[in-house]
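Results of the structural survey
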Amino acid sequence: MTEAGSADDGRRAGELLLVATALRKTYGHTPALDNADFSIRPGEVVAVMGPSGSGKSTLLHCLAGIVRPDAGQVRYRHRELSEMSDAERSALRRGEFGFVFQFGQLVPELTCVENVALPLRLNGVKRKEAERRATEWLDRLEVTDVSAKRPGEVSGGQGQRVAVARALVTGPRVVFADEPTGALDSLNGERVMELLTAAARDTQAAVVLVTHEARVAAYSDREVVVRDGRSRDLEHVA
Ligand SMILES: Nc1ncnc2c1ncn2[C@@H]1O[C@H](COP(=O)(O)OP(=O)(O)OP(=O)(O)O)[C@@H](O)[C@H]1O
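This one's a predicted model, so the numbers in the text were calculated from it and none came from an experiment.

Overview of the overall build of the protein
- Per the secondary structure count, the protein includes eight helices and 10 strands.
- Computed over C-alpha atoms, the radius of gyration of the protein comes to 18 Å, within 12% of the 18 Å expected from 2.2 N^0.38 for 238 residues, which places it in the range of a compact globule.
- The buried share of the protein, reckoned over its 238 residues, is 50%.
- Approximately 11500 Å² of the protein is accessible, and the part contributed by carbon and sulfur atoms is 49%.

As structure tokens, this is what we get:
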């Protein structure tokens, strides 16, 4: 390989934030992932699409270090997740990753502003400062008015905006969103996607967006399709 070639390869590889190669995961006799590849760059929104049961959520969980694959590699900024200790992986999830799920993710006993402030509090930020930053995010997600309410007192769409604020408040490098609009009507779903992708682009966060809806995937920069646990990522650089 020429020197110019290797420098170019290095630059291209350096741009990738999170790379998964040849992932396999079996639950009992059920193969959930069977040779899945994935990669994402900073600021990129990638939709993970595919039929029900094809392995989308399992792929997201492996990428986030929540599920350990049976084989294959997940590399985050040149570090192999499987080589980290459990404490290091937890610190990574708390410090660099944000999560939005379909429902049930807000703590019912806390107010919305306390929910958004929670990841900051867990990272050692003082209450007043954490709530100030949480309020800024609630404002940005256009739900300042629900600040003092508990999750049980707000609508599904408002709750999802609060959940997006909570995922973004720590300034994560990667946001993992698993069917984030699955429980919303189309108008609310589209507004949540607009706000999530705009906020992620502003902060240069990458978004891994699991969805089976083309309407939601339309907010992504590109799509990766999972079928029977296999995904081919055309952008993939091994
Ligand atoms: N914790 C688990 N225990 C046992 N089997 C599991 C578990 N998680 C996933 N599976 C199985 O692995 C396969 C892939 O599941 P996964 O949830 O990743 O698919 P999906 O594409 O996200 O599906 P959906 O769109 O319906 O949410 C399925 O056959 C599922 O039943």
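The discussion continues.
Points about the pattern of salt bridges
- Evaluated as defined, the whole model comprises 20 salt bridges.
- Here Glu88 and Arg79 are joined by a salt bridge, their closest N and O atoms 3.5 Å apart.
- Classification of Arg79 as partly exposed rests on a relative accessible area of 38%.
- Between Glu129 and Arg133 there is a salt bridge, and its shortest N-O distance comes to 3.8 Å. With Glu129 and Arg133 both in helix H5 (residues 127–140) and four residues apart, the pair spans about one turn of that helix.
- For Glu129, a relative accessible area of 30% puts it in the partly exposed group.
- Classification of Arg133 as partly exposed rests on a relative accessible area of 27%.
- Through salt bridges with shared partners, one network takes in Glu129, Arg132, Arg133 and Glu136.

Observations regarding the confidence of the model for the protein
- Here the protein averages 88 in pLDDT, and 91% of its residues register 70 or above.
- For this predicted complex, the interface confidence score (ipTM) comes to 0.96, while the overall pTM stands at 0.89.

Some words on the site of the ligand
- Taken together, Tyr27, Thr30, Ala32, Pro51, Ser52, Gly53, Ser54, Gly55, Lys56, Ser57 and Thr58 make up the full set of residues adjacent to the ligand.
- Between an oxygen atom of the ligand and a main-chain N or O atom of Gly53, the distance comes to 2.8 Å.
- A distance of 3.0 Å separates an oxygen atom of the ligand from a polar atom in the backbone of Gly55.
- Protein contacts shield 57% of the accessible area of the ligand, which totals 630 Å² for the unbound molecule.
- At the level of secondary structure, the elements contributing two or more residues to the shell around the ligand comprise strand E2 (30–40) and helix H2 (56–63).
- Per-element accounting of the shell around the ligand gives the leading share, three residues, to H2.
- Considered class by class, the residues forming the shell around the ligand number three nonpolar, seven polar and one charged.

Definitions and cut-offs
- Residues numbered from 1 in each chain as written.
- Predicted model: local features only at pLDDT ≥ 70, side-chain atom pairs only at ≥ 80, totals over all residues.
- Heavy atoms only, no water.
- Helix = DSSP H or I, 4+ residues; strand = E, 2+ residues; numbered from the N terminus.
- Rg over C-alpha atoms; globule rule 2.2 N^0.38 Å.
- Buried < 20%, exposed > 50% of the residue type's maximum accessible area, 1.4 Å probe, protein only.
- Areas by Shrake-Rupley, 256 points an atom, 1.4 Å probe, with all protein chains shown as cover.
- Salt bridge = Lys/Arg side-chain N within 4 Å of Asp/Glu carboxyl O.
- pLDDT = per-residue confidence, 0-100.
- Near = heavy atom within 4 Å.
- Polar contact = N/O pair within 3.5 Å; in protein donor to acceptor, adjacent residues only side chain to side chain.
- Nonpolar A, V, L, I, M, F, W, Y, C, P; charged D, E, K, R; others polar.

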